[in-house]
Amino acid sequence: MDRYLTVAEVSAAARRLVSRYPGAGRLRRVGTSRAGRPLEMLSVGHGPAHVLVVARPHPDEPVGAVTALTLAERVARGDGRTPATDPARVTWDVVLCLDPDGAALSEGIEEATAGPAPALERYFRTAFRPVAAEQPEWAPIESSRLPESRALFDLIDERRPLLQCSLHGIEAGGTFTQLTENLPGFAEGFHTAAADLSVPVQHGTFDALYWENPAPGVHVLPPPESTGRLAAGSENIGRSTWCAPQRYGGVTAIAEVPMWASALADDPAPHPDAVRALHGLSRLVRDGGEQVTAVLDKARGFLPPPEESAPRRVLEWMADGLYDLVADSWQPLARQAAEGGERLTTAQVCALDVVARRQPLRAAGLLMRLLSASADPAAPALHDELHALFTAWCEDFTHALGLRWVPVRAQADLQARTVLAAAECAVRSAH
(Lines give C-alpha, C1' and ligand atoms only; values in the text may rest on other atoms or scores of the structure.)
Protein backbone atom coordinates (compact mmCIF):
# COMPACT_ATOMS: atom_id res chain seq x y z
CA MET A 1 0.00 0.00 0.00
CA ASP A 2 1.70 3.21 -1.17
CA ARG A 3 -0.86 5.73 0.08
CA TYR A 4 -3.07 6.39 3.06
CA LEU A 5 -6.70 5.31 2.81
CA THR A 6 -9.95 7.11 3.57
CA VAL A 7 -12.38 5.60 6.08
CA ALA A 8 -14.61 4.47 3.22
CA GLU A 9 -11.68 2.80 1.45
CA VAL A 10 -10.65 0.99 4.63
CA SER A 11 -14.20 -0.27 5.19
CA ALA A 12 -14.42 -1.52 1.61
CA ALA A 13 -11.04 -3.25 1.91
CA ALA A 14 -12.16 -4.95 5.12
CA ARG A 15 -15.29 -6.27 3.38
CA ARG A 16 -13.15 -7.64 0.55
CA LEU A 17 -10.88 -9.36 3.07
CA VAL A 18 -13.87 -11.04 4.71
CA SER A 19 -15.00 -12.26 1.27
CA ARG A 20 -11.54 -13.61 0.39
CA TYR A 21 -11.19 -15.56 3.63
CA PRO A 22 -14.65 -17.03 4.35
CA GLY A 23 -15.00 -17.99 7.98
CA ALA A 24 -11.70 -16.37 8.97
CA GLY A 25 -12.87 -12.77 9.23
CA ARG A 26 -15.98 -11.03 10.54
CA LEU A 27 -16.92 -7.37 10.24
CA ARG A 28 -19.41 -5.78 12.61
CA ARG A 29 -20.53 -2.40 13.87
CA VAL A 30 -19.44 -1.84 17.47
CA GLY A 31 -20.64 1.71 18.01
CA THR A 32 -21.71 5.02 16.54
CA SER A 33 -19.82 8.31 16.48
CA ARG A 34 -21.15 11.64 17.76
CA ALA A 35 -22.18 12.51 14.19
CA GLY A 36 -23.79 9.11 13.53
CA ARG A 37 -20.94 7.45 11.64
CA PRO A 38 -20.39 3.72 12.21
CA LEU A 39 -17.50 2.37 14.28
CA GLU A 40 -16.51 -0.90 12.61
CA MET A 41 -14.43 -3.79 13.91
CA LEU A 42 -12.81 -6.51 11.81
CA SER A 43 -12.11 -9.73 13.74
CA VAL A 44 -9.77 -12.43 12.43
CA GLY A 45 -9.23 -15.77 14.15
CA HIS A 46 -11.28 -17.68 16.73
CA GLY A 47 -8.89 -18.13 19.64
CA PRO A 48 -9.80 -17.55 23.29
CA ALA A 49 -7.10 -14.88 23.75
CA HIS A 50 -7.69 -11.45 22.24
CA VAL A 51 -5.47 -8.75 20.77
CA LEU A 52 -7.32 -5.46 20.28
CA VAL A 53 -5.95 -3.09 17.62
CA VAL A 54 -7.22 0.50 17.48
CA ALA A 55 -6.65 2.46 14.27
CA ARG A 56 -6.88 6.23 13.81
CA PRO A 57 -7.45 7.31 17.39
CA HIS A 58 -6.14 10.65 16.10
CA PRO A 59 -7.53 11.59 12.67
CA ASP A 60 -4.33 13.33 11.58
CA GLU A 61 -2.41 10.04 11.97
CA PRO A 62 -3.71 8.03 9.01
CA VAL A 63 -1.08 5.27 8.84
CA GLY A 64 -2.88 3.13 11.43
CA ALA A 65 -5.70 2.28 9.05
CA VAL A 66 -3.24 0.85 6.53
CA THR A 67 -1.46 -1.01 9.34
CA ALA A 68 -4.76 -2.46 10.58
CA LEU A 69 -5.51 -3.97 7.18
CA THR A 70 -1.92 -5.21 6.88
CA LEU A 71 -2.19 -7.02 10.21
CA ALA A 72 -5.60 -8.51 9.43
CA GLU A 73 -4.36 -9.76 6.07
CA ARG A 74 -1.29 -11.40 7.59
CA VAL A 75 -3.31 -13.18 10.27
CA ALA A 76 -6.04 -14.30 7.83
CA ARG A 77 -3.47 -15.51 5.29
CA GLY A 78 -1.58 -17.52 7.89
CA ASP A 79 1.89 -16.88 6.47
CA GLY A 80 4.71 -17.65 8.93
CA ARG A 81 2.26 -18.52 11.68
CA THR A 82 3.44 -17.84 15.22
CA PRO A 83 1.64 -18.29 18.58
CA ALA A 84 0.28 -14.73 18.36
CA THR A 85 -1.04 -15.21 14.83
CA ASP A 86 -2.44 -18.70 15.34
CA PRO A 87 -6.21 -18.28 14.75
CA ALA A 88 -6.93 -21.20 17.07
CA ARG A 89 -5.17 -19.41 19.95
CA VAL A 90 -5.71 -15.70 19.34
CA THR A 91 -8.52 -13.57 17.95
CA TRP A 92 -7.41 -10.26 16.49
CA ASP A 93 -10.04 -7.53 16.88
CA VAL A 94 -9.29 -4.50 14.74
CA VAL A 95 -11.19 -1.24 15.17
CA LEU A 96 -10.82 0.30 11.71
CA CYS A 97 -11.22 3.95 12.78
CA LEU A 98 -11.91 5.18 16.31
CA ASP A 99 -12.63 8.78 15.27
CA PRO A 100 -14.48 8.79 11.92
CA ASP A 101 -15.83 12.30 12.56
CA GLY A 102 -12.33 13.67 12.93
CA ALA A 103 -11.19 11.64 9.94
CA ALA A 104 -13.90 13.33 7.86
CA LEU A 105 -12.34 16.69 8.79
CA SER A 106 -8.94 15.34 7.70
CA GLU A 107 -10.36 14.23 4.34
CA GLY A 108 -7.77 15.11 1.71
CA ILE A 109 -4.79 14.07 3.79
CA GLU A 110 -4.59 10.94 1.64
CA GLU A 111 -3.97 12.86 -1.59
CA ALA A 112 -1.92 15.59 0.11
CA THR A 113 0.67 13.02 1.16
CA ALA A 114 0.59 10.90 -2.01
CA GLY A 115 3.72 10.59 -4.11
CA PRO A 116 7.36 9.79 -3.41
CA ALA A 117 8.22 12.96 -1.43
CA PRO A 118 5.21 14.99 -0.22
CA ALA A 119 5.85 18.31 1.49
CA LEU A 120 5.01 19.20 5.07
CA GLU A 121 2.96 22.12 3.81
CA ARG A 122 0.45 19.87 2.06
CA TYR A 123 0.06 17.72 5.15
CA PHE A 124 -0.58 20.56 7.61
CA ARG A 125 -3.07 22.17 5.21
CA THR A 126 -5.32 19.08 5.41
CA ALA A 127 -4.65 17.57 8.85
CA PHE A 128 -7.15 17.96 11.69
CA ARG A 129 -6.76 17.02 15.35
CA PRO A 130 -9.64 17.75 17.78
CA VAL A 131 -9.36 19.36 21.20
CA ALA A 132 -8.30 16.97 23.96
CA ALA A 133 -11.85 16.61 25.30
CA GLU A 134 -12.98 15.36 21.86
CA GLN A 135 -10.21 12.77 21.42
CA PRO A 136 -11.78 9.35 22.21
CA GLU A 137 -8.78 7.83 23.99
CA TRP A 138 -8.03 11.00 25.95
CA ALA A 139 -11.53 12.36 26.65
CA PRO A 140 -12.02 10.30 29.85
CA ILE A 141 -9.04 12.17 31.35
CA GLU A 142 -11.03 15.34 30.74
CA SER A 143 -13.98 13.77 32.64
CA SER A 144 -16.06 13.33 29.50
CA ARG A 145 -17.23 10.09 27.92
CA LEU A 146 -17.71 10.35 24.18
CA PRO A 147 -19.73 7.59 22.47
CA GLU A 148 -16.50 6.52 20.77
CA SER A 149 -14.81 6.23 24.17
CA ARG A 150 -17.73 4.24 25.57
CA ALA A 151 -17.63 1.87 22.60
CA LEU A 152 -13.93 1.20 23.15
CA PHE A 153 -14.35 0.70 26.91
CA ASP A 154 -17.21 -1.72 26.16
CA LEU A 155 -15.01 -3.67 23.75
CA ILE A 156 -12.24 -3.90 26.33
CA ASP A 157 -14.73 -5.19 28.91
CA GLU A 158 -16.17 -7.67 26.41
CA ARG A 159 -12.91 -8.97 24.92
CA ARG A 160 -10.56 -8.57 27.92
CA PRO A 161 -7.56 -8.26 25.60
CA LEU A 162 -4.19 -9.45 26.77
CA LEU A 163 -2.82 -6.71 24.51
CA GLN A 164 -4.32 -3.50 23.16
CA CYS A 165 -2.35 -1.78 20.40
CA SER A 166 -3.13 1.85 19.69
CA LEU A 167 -1.81 2.85 16.26
CA HIS A 168 -0.39 6.37 16.29
CA GLY A 169 1.87 8.37 14.02
CA ILE A 170 4.11 11.36 14.53
CA GLU A 171 4.80 14.04 11.94
CA ALA A 172 8.58 13.88 12.23
CA GLY A 173 11.45 12.29 14.14
CA GLY A 174 11.80 8.59 14.87
CA THR A 175 9.75 5.59 15.89
CA PHE A 176 8.99 4.75 19.50
CA THR A 177 6.58 2.69 21.59
CA GLN A 178 4.89 3.48 24.90
CA LEU A 179 3.77 0.59 27.11
CA THR A 180 1.49 0.56 30.14
CA GLU A 181 3.64 -2.32 31.48
CA ASN A 182 6.98 -3.66 30.33
CA LEU A 183 7.03 -6.51 27.81
CA PRO A 184 10.36 -8.31 28.24
CA GLY A 185 11.87 -9.22 24.89
CA PHE A 186 9.81 -6.69 22.93
CA ALA A 187 12.65 -4.27 22.19
CA GLU A 188 14.64 -6.74 20.08
CA GLY A 189 11.89 -7.27 17.52
CA PHE A 190 11.00 -3.58 17.51
CA HIS A 191 14.60 -2.50 16.92
CA THR A 192 15.10 -5.11 14.18
CA ALA A 193 12.02 -3.88 12.32
CA ALA A 194 13.18 -0.26 12.50
CA ALA A 195 16.66 -1.15 11.28
CA ASP A 196 15.33 -3.29 8.42
CA LEU A 197 13.20 -0.37 7.21
CA SER A 198 15.84 2.34 7.83
CA VAL A 199 13.66 4.29 10.24
CA PRO A 200 15.48 5.88 13.19
CA VAL A 201 14.47 4.93 16.72
CA GLN A 202 13.53 7.96 18.79
CA HIS A 203 15.84 8.10 21.82
CA GLY A 204 13.66 10.05 24.24
CA THR A 205 10.29 11.50 23.38
CA PHE A 206 8.31 14.61 24.25
CA ASP A 207 5.49 13.07 26.31
CA ALA A 208 7.46 10.27 28.01
CA LEU A 209 10.70 12.01 29.01
CA TYR A 210 10.34 10.80 32.60
CA TRP A 211 8.89 7.35 31.95
CA GLU A 212 10.85 4.15 32.53
CA ASN A 213 13.11 3.59 29.53
CA PRO A 214 14.25 -0.07 29.46
CA ALA A 215 15.54 0.22 25.87
CA PRO A 216 15.95 2.93 23.23
CA GLY A 217 12.54 4.01 21.94
CA VAL A 218 10.69 1.91 24.53
CA HIS A 219 8.90 3.80 27.32
CA VAL A 220 6.96 2.23 30.19
CA LEU A 221 4.29 4.12 32.13
CA PRO A 222 5.52 4.97 35.63
CA PRO A 223 3.58 3.81 38.73
CA PRO A 224 0.25 5.57 39.39
CA GLU A 225 1.67 7.57 42.29
CA SER A 226 4.43 9.04 40.09
CA THR A 227 2.29 11.82 38.62
CA GLY A 228 5.27 14.20 38.59
CA ARG A 229 6.82 12.06 35.86
CA LEU A 230 3.90 12.55 33.48
CA ALA A 231 3.56 15.21 30.79
CA ALA A 232 1.42 18.23 31.63
CA GLY A 233 -2.25 17.42 31.19
CA SER A 234 -1.83 13.64 31.55
CA GLU A 235 -1.78 13.36 35.35
CA ASN A 236 -5.05 11.37 35.22
CA ILE A 237 -3.84 9.01 32.51
CA GLY A 238 -5.29 6.07 34.45
CA ARG A 239 -8.75 7.15 33.25
CA SER A 240 -7.77 6.85 29.60
CA THR A 241 -8.68 3.91 27.38
CA TRP A 242 -4.97 3.04 27.33
CA CYS A 243 -5.07 1.83 30.92
CA ALA A 244 -8.43 0.02 30.77
CA PRO A 245 -6.98 -3.43 29.84
CA GLN A 246 -4.96 -3.43 33.06
CA ARG A 247 -8.03 -4.43 35.06
CA TYR A 248 -7.98 -7.74 33.16
CA GLY A 249 -4.21 -8.19 33.31
CA GLY A 250 -3.71 -6.74 29.82
CA VAL A 251 -1.09 -4.36 28.45
CA THR A 252 -1.42 -1.49 26.01
CA ALA A 253 1.24 -0.62 23.44
CA ILE A 254 1.08 2.78 21.75
CA ALA A 255 2.98 2.33 18.49
CA GLU A 256 4.32 5.56 16.96
CA VAL A 257 5.92 5.78 13.52
CA PRO A 258 7.12 8.96 11.76
CA MET A 259 5.87 10.34 8.47
CA TRP A 260 9.14 12.20 8.01
CA ALA A 261 12.30 10.78 9.60
CA SER A 262 15.15 12.76 11.13
CA ALA A 263 18.60 11.32 11.77
CA LEU A 264 18.74 13.52 14.89
CA ALA A 265 16.09 11.30 16.49
CA ASP A 266 18.52 8.47 17.24
CA ASP A 267 21.54 10.57 18.20
CA PRO A 268 22.19 9.77 21.91
CA ALA A 269 25.13 12.17 22.20
CA PRO A 270 24.75 14.98 24.76
CA HIS A 271 23.40 18.12 23.14
CA PRO A 272 26.16 20.77 22.96
CA ASP A 273 23.96 23.56 24.39
CA ALA A 274 20.66 22.19 25.67
CA VAL A 275 19.84 25.25 27.78
CA ARG A 276 20.03 27.59 24.83
CA ALA A 277 18.16 25.12 22.64
CA LEU A 278 15.29 24.75 25.13
CA HIS A 279 14.92 28.50 25.57
CA GLY A 280 14.89 28.83 21.77
CA LEU A 281 12.20 26.18 21.38
CA SER A 282 10.06 27.81 24.06
CA ARG A 283 10.28 31.09 22.15
CA LEU A 284 9.53 29.27 18.90
CA VAL A 285 6.23 27.81 20.12
CA ARG A 286 5.18 30.99 21.95
CA ASP A 287 6.05 33.33 19.06
CA GLY A 288 4.43 31.09 16.47
CA GLY A 289 1.31 30.77 18.61
CA GLU A 290 1.13 34.53 19.11
CA GLN A 291 1.42 35.15 15.36
CA VAL A 292 -1.38 32.72 14.52
CA THR A 293 -3.54 34.11 17.31
CA ALA A 294 -2.98 37.66 16.03
CA VAL A 295 -4.50 36.65 12.70
CA LEU A 296 -7.29 34.79 14.49
CA ASP A 297 -8.08 37.95 16.47
CA LYS A 298 -8.65 39.84 13.22
CA ALA A 299 -10.87 37.09 11.81
CA ARG A 300 -13.01 36.12 14.80
CA GLY A 301 -15.88 38.37 13.78
CA PHE A 302 -16.61 36.49 10.57
CA LEU A 303 -15.47 32.93 11.31
CA PRO A 304 -18.04 30.24 12.20
CA PRO A 305 -18.64 30.10 15.97
CA PRO A 306 -16.85 27.42 18.01
CA GLU A 307 -20.03 25.51 18.80
CA GLU A 308 -20.57 25.01 15.05
CA SER A 309 -16.98 24.44 13.95
CA ALA A 310 -14.54 21.83 15.30
CA PRO A 311 -11.54 23.61 13.67
CA ARG A 312 -12.58 26.87 15.36
CA ARG A 313 -12.79 25.05 18.72
CA VAL A 314 -9.24 23.81 18.24
CA LEU A 315 -7.98 27.30 17.42
CA GLU A 316 -9.60 28.79 20.54
CA TRP A 317 -8.29 25.94 22.71
CA MET A 318 -4.76 26.46 21.43
CA ALA A 319 -4.98 30.23 21.83
CA ASP A 320 -6.25 29.82 25.38
CA GLY A 321 -2.94 28.80 26.93
CA LEU A 322 -1.86 25.67 25.05
CA TYR A 323 1.25 27.27 23.54
CA ASP A 324 2.31 28.52 26.97
CA LEU A 325 1.57 25.12 28.54
CA VAL A 326 3.92 23.44 26.06
CA ALA A 327 6.68 26.03 26.47
CA ASP A 328 6.40 26.12 30.27
CA SER A 329 6.64 22.33 30.52
CA TRP A 330 10.26 22.51 29.35
CA GLN A 331 11.49 25.03 31.91
CA PRO A 332 12.34 22.39 34.55
CA LEU A 333 14.51 20.66 31.95
CA ALA A 334 16.29 23.93 31.20
CA ARG A 335 16.88 24.56 34.91
CA GLN A 336 18.25 21.05 35.40
CA ALA A 337 20.61 21.47 32.47
CA ALA A 338 21.73 24.91 33.69
CA GLU A 339 22.47 23.51 37.17
CA GLY A 340 24.68 20.80 35.73
CA GLY A 341 22.18 17.97 36.05
CA GLU A 342 21.75 15.11 33.61
CA ARG A 343 22.47 16.40 30.13
CA LEU A 344 19.81 16.23 27.48
CA THR A 345 20.73 14.33 24.35
CA THR A 346 20.50 15.57 20.80
CA ALA A 347 17.68 13.07 20.25
CA GLN A 348 15.67 14.41 23.19
CA VAL A 349 16.04 17.98 21.99
CA CYS A 350 14.97 16.81 18.51
CA ALA A 351 11.76 15.37 19.99
CA LEU A 352 10.95 18.68 21.68
CA ASP A 353 11.86 20.56 18.51
CA VAL A 354 9.17 18.64 16.62
CA VAL A 355 6.54 19.63 19.20
CA ALA A 356 7.59 23.29 19.21
CA ARG A 357 7.28 23.55 15.44
CA ARG A 358 4.13 21.53 14.91
CA GLN A 359 1.88 23.43 17.34
CA PRO A 360 1.78 26.73 15.37
CA LEU A 361 1.68 24.79 12.09
CA ARG A 362 -1.40 22.82 13.15
CA ALA A 363 -3.16 26.05 14.11
CA ALA A 364 -2.09 27.90 10.98
CA GLY A 365 -3.29 25.08 8.72
CA LEU A 366 -6.72 25.06 10.37
CA LEU A 367 -7.06 28.85 10.29
CA MET A 368 -6.09 29.02 6.61
CA ARG A 369 -8.75 26.42 5.89
CA LEU A 370 -11.40 28.57 7.58
CA LEU A 371 -10.17 31.72 5.85
CA SER A 372 -10.27 29.99 2.45
CA ALA A 373 -13.90 29.03 3.04
CA SER A 374 -14.95 32.51 4.17
CA ALA A 375 -16.70 34.98 1.87
CA ASP A 376 -15.69 37.96 4.00
CA PRO A 377 -13.67 40.51 1.98
CA ALA A 378 -10.97 40.62 4.67
CA ALA A 379 -10.31 36.87 4.50
CA PRO A 380 -7.98 36.71 1.44
CA ALA A 381 -5.49 39.23 2.82
CA LEU A 382 -5.41 37.49 6.21
CA HIS A 383 -4.95 34.16 4.46
CA ASP A 384 -2.00 35.52 2.50
CA GLU A 385 -0.46 37.00 5.65
CA LEU A 386 -0.69 33.67 7.44
CA HIS A 387 0.39 31.65 4.41
CA ALA A 388 3.68 33.52 4.21
CA LEU A 389 4.46 32.54 7.82
CA PHE A 390 3.21 29.00 7.31
CA THR A 391 5.40 28.38 4.26
CA ALA A 392 8.50 29.73 5.99
CA TRP A 393 7.83 27.57 9.06
CA CYS A 394 7.45 24.41 6.97
CA GLU A 395 10.68 25.09 5.09
CA ASP A 396 12.56 25.78 8.31
CA PHE A 397 11.13 22.61 9.92
CA THR A 398 12.29 20.49 6.98
CA HIS A 399 15.80 21.93 6.84
CA ALA A 400 16.45 22.25 10.60
CA LEU A 401 15.73 18.56 11.24
CA GLY A 402 16.89 17.20 7.86
CA LEU A 403 13.54 15.54 7.20
CA ARG A 404 13.05 12.73 4.69
CA TRP A 405 9.72 11.15 3.79
CA VAL A 406 9.11 7.57 4.98
CA PRO A 407 6.98 5.77 2.35
CA VAL A 408 3.54 4.73 3.58
CA ARG A 409 4.33 1.09 2.89
CA ALA A 410 7.37 1.31 5.20
CA GLN A 411 5.43 3.18 7.89
CA ALA A 412 2.71 0.52 7.93
CA ASP A 413 5.16 -2.38 7.77
CA LEU A 414 7.14 -1.00 10.70
CA GLN A 415 4.00 -0.43 12.76
CA ALA A 416 2.66 -3.91 11.95
CA ARG A 417 5.94 -5.56 12.92
CA THR A 418 5.99 -3.53 16.14
CA VAL A 419 2.49 -4.77 16.99
CA LEU A 420 3.40 -8.36 16.15
CA ALA A 421 6.51 -8.16 18.35
CA ALA A 422 4.38 -6.88 21.23
CA ALA A 423 1.75 -9.56 20.63
CA GLU A 424 4.33 -12.37 20.68
CA CYS A 425 5.61 -11.14 24.04
CA ALA A 426 2.10 -10.73 25.48
CA VAL A 427 0.98 -14.21 24.34
CA ARG A 428 4.17 -15.79 25.63
CA SER A 429 3.85 -14.15 29.06
CA ALA A 430 0.15 -15.15 29.26
CA HIS A 431 1.02 -18.83 28.93
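Residues numbered from 1 in each chain as written. Predicted model: local features only at pLDDT ≥ 70, side-chain atom pairs only at ≥ 80, totals over all residues. Heavy atoms only, no water.

Participant: Could you clarify how one ought to interpret the nonpolar core in this entry?
Facilitator: Within soluble globular proteins, side chains that are nonpolar tend to cluster in buried spots. Core analysis: the biggest nonpolar cluster contains 123 residues, and Trp92, Leu163, Leu183, Phe186, Trp330, Leu367 and Phe397 have the highest contact counts within it. The dominant element in this core, judged by the number of residues it contributes, is helix H11 (residues 346–373), at 15 residues. Setting aside residues up to four positions removed in sequence, Leu367 forms contacts with Val292, Val295, Leu296, Leu303, Leu315 and Leu386. Ranked by size, the runner-up nonpolar core spans 13 residues in total, among them Val30, Leu39, Phe153 and Leu155. (Core = buried A, V, L, I, M, F, W, Y, C linked by side-chain atoms within 4.5 Å. Buried < 20%, exposed > 50% of the residue type's maximum accessible area, 1.4 Å probe, protein only. Helix = DSSP H or I, 4+ residues; strand = E, 2+ residues; numbered from the N terminus. Contact = heavy atoms within 4.5 Å.)

Participant: Sorry, what's going on with the pattern of salt bridges here?
Facilitator: Think of it this way: side chains of opposite charge can pair up when their charged atoms draw near. Summed over the entire model, instances satisfying the criterion amount to 31 salt bridges. Two residues, Asp2 and Arg409, come together in a salt bridge whose shortest N-O distance is 3.1 Å. Here Arg409 lies in helix H13 (residues 408–430) and Asp2 lies in the segment before helix H1 (7–20), a separation of 407 residues in the sequence. For Arg409, a relative accessible area of 47% gives the class partly exposed. Among the ionic pairs, Arg77 bridges to Glu73, the shortest N-O distance being 3.8 Å. One end of the pair is Arg77 and the other is Glu73, both in helix H2 (residues 63–77) and four residues apart, which spans about a single turn. On the basis of relative accessible area, Glu73 is assigned to the buried category, the value being 19%. (Salt bridge = Lys/Arg side-chain N within 4 Å of Asp/Glu carboxyl O.)

Participant: Even after reading the chapter, I still don't get H1, so can you show me in this structure?
Facilitator: Its 14 residues place the ends of H1 20 Å apart at the C-alpha level, agreeing with the 20 Å of an ideal helix rising 1.5 Å per residue. Regarding H1, the residues found buried are Val10, Ser11, Ala13, Ala14 and Leu17. One face of H1 carries all of its buried residues, which in axial projection span an arc of 160 degrees. When the buried face of H1 is taken as reference, the exposed residues oriented beyond 90 degrees from it are Ala8 and Ser19. (Expected span 1.5 Å × (residues − 1). Arc of directions from axis to C-beta.)

Participant: Whenever I open this one, empty space enclosed by the protein confuses me. Can you help?
Facilitator: Left-over empty space is what a probe sized like a water molecule reveals as it rolls over the atoms. The final tally for this structure, using the stated rule, is one cavity of 30 Å³ or more. Contributing to the lining of the largest cavity are Asp60, Phe124, Ala127, Phe128, Arg129, Val314, Arg362 and Leu366. Here the residues of the lining of the largest cavity are counted per class, giving five nonpolar, no polar and three charged. (1 Å grid on protein atoms, 1.4 Å probe; cavity = no way out; pocket = protein on both sides within 12 Å on 5 of 7 lines; lining within 4 Å. Points joined across faces, edges and corners; volume = space filled by probe spheres on them. Nonpolar A, V, L, I, M, F, W, Y, C, P; charged D, E, K, R; others polar.)

Function-wise, these values are silent; they only describe arrangement.
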